[in-house]
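Overview (structure and organization)
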Amino acid sequence: MSVLDTTAVRLKETAEGSPTLVCLGFCGGGTATFHDWLPALPDGVGLVAVCYPGREGRFAEEFARTWDELATDAAAGVAAVAGQGPYVLFGHSMGGWMAFDVTVRLAAAGAPAPRALVVSACNAPDLGVTDRDRFLAQGQRDEELLGWMSTHGLLPEHVLEEPELTEMAVELMRADLAARDTFTHTPGARTGVPLQVFSGDADPVIGEDAGPRWAALTDGPFRHDVLPGGHFYTPEVWGGLPARITSLTTGAAAAPTPVLSVSAAPRGTAAP
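These lines cover the structure that appears in this document, whether it is placed above or below. Just so it is clear, the structure is predicted and the values come from calculations on it, not from any experiment. (Residues numbered from 1 in each chain as written. Predicted model: local features only at pLDDT ≥ 70, side-chain atom pairs only at ≥ 80, totals over all residues. Heavy atoms only, no water.)

Digging into the overall build of the chain
Keep this limit in mind: Elements are defined by DSSP. Helices are runs of H or I of four residues or more, strands are runs of E of two residues or more, and each kind is numbered from the N terminus. Should any heavy atoms of two residues lie within 4.5 Å, those residues are considered in contact.
Looking only at helices and strands, the chain has eight helices and eight strands in total. Once local pairs closer than 6 in sequence are excluded, the contacts in the chain between residues at least 24 apart make up 82%.

Regarding the pairing of strand 5 (residues 116-120)
As a reminder, the rule being used: Relative accessible area decides the class of each residue, using a 1.4 Å probe on protein chains only: under 20% of the type maximum gives buried, over 50% gives exposed, and in between gives partly exposed. Pairing between two strands is assigned when DSSP locates at least 2 bridges connecting them. Seen with the strands pointing away from the viewer, any crossover whose path from the first strand over the helix to the second strand runs clockwise is right-handed.
Here strand 5 lies mainly inside the structure; five of its five residues are buried. Every second residue of strand 5 is oriented toward a common face, with A116, V118 and S120 on one face and L117 and V119 on the other, all of them buried. Pairing of strand 4 (residues 87-92) with strand 5, which is carried by five bridges, proceeds in the parallel orientation. Residue pairing across strands places G91 opposite V119, the latter belonging to strand 5. The parallel pair strand 4 and strand 5, bridged by helix 3 (residues 94-109), forms a crossover whose chirality is right-handed. Sheet topology places strand 5 next to strand 6 (residues 195-200); four bridges connect them, and they run parallel. Residue pairing for strand 6: V119 is matched across the bridge by V197.

Examining the environment of E143
Here E143 is to be found in helix 4 (residues 142-151). On the basis of relative accessible area, E143 is assigned to the exposed category, the value being 55%. Remark: the alpha-carbon pair of E143 and T166, spanning 23 residues in sequence, is separated by 9.9 Å.

Things to note about the pattern of salt bridges
Worth spelling out the cut-off: Salt bridges are defined by distance alone: a side-chain nitrogen of Lys or Arg within 4 Å of a carboxyl oxygen of Asp or Glu.
Enumeration over the complete set of coordinates arrives at 13 salt bridges. D68 is the salt-bridge partner of R105, the closest N and O atoms lying 2.9 Å from each other. A residue pair is termed long-range when its members are at least 10 positions apart, and R105 in helix 3 and D68 in helix 2 (residues 67-82) qualify at 37 residues. Because the salt bridges share partners, they merge into one network encompassing D131, R134, R180 and D181.

Printed below as a string of structure tokens:
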């Protein structure tokens, strides 16, 4: 099987002339999270979700043990999509750092750059892994990790009912946390592509300086949208997030100067 079959999993074909939204997941996550976004995609926009080693179609592979190993793998998957046409790169939580790192790596390799970089629910990476970023930690008990995953809708009921599946879910989460904890920001690393940042107004993970710090890491247009809810926003906001990605419909990520755009969407219940 090719990289496009296993690492870059195509969930929706792209219409000619339209961009592809390429998604990088969070700790313990896979590609399934992004299936729910299909109805929210703008007309013609395709969808690809990057599958990290050790899960889904790559279950037989070893987990990535370091950030560099994981980022190298993710960059190869994104590069395979980048060669097929315009794309927008998205990452949530740990995936936001991954999307930034992959964008920098692809630029250094001379690969096609994304039309825009979109990061969600993550602090700027220039401080490295801080205590705030370890809101999930390797030292937490299995029950704590399972509780967090269940609360945020990452574990279907059938998984929680099967001890072997819950054990696998915890193993996967711990592997991702271990890789995350080896992340270091390369001094001076930045991008020139348009950058859009999403954060939740009730997310305790996100620092008050997240917007300005992210703005300092791009030479391109910048936009920061503060949305209702916590780390995964509200269910309504999370389910419709692709419709808020400006580069999927306008070809530009933001206004030419840093702005703060507060969503006017009605507040819903707590994030799943």
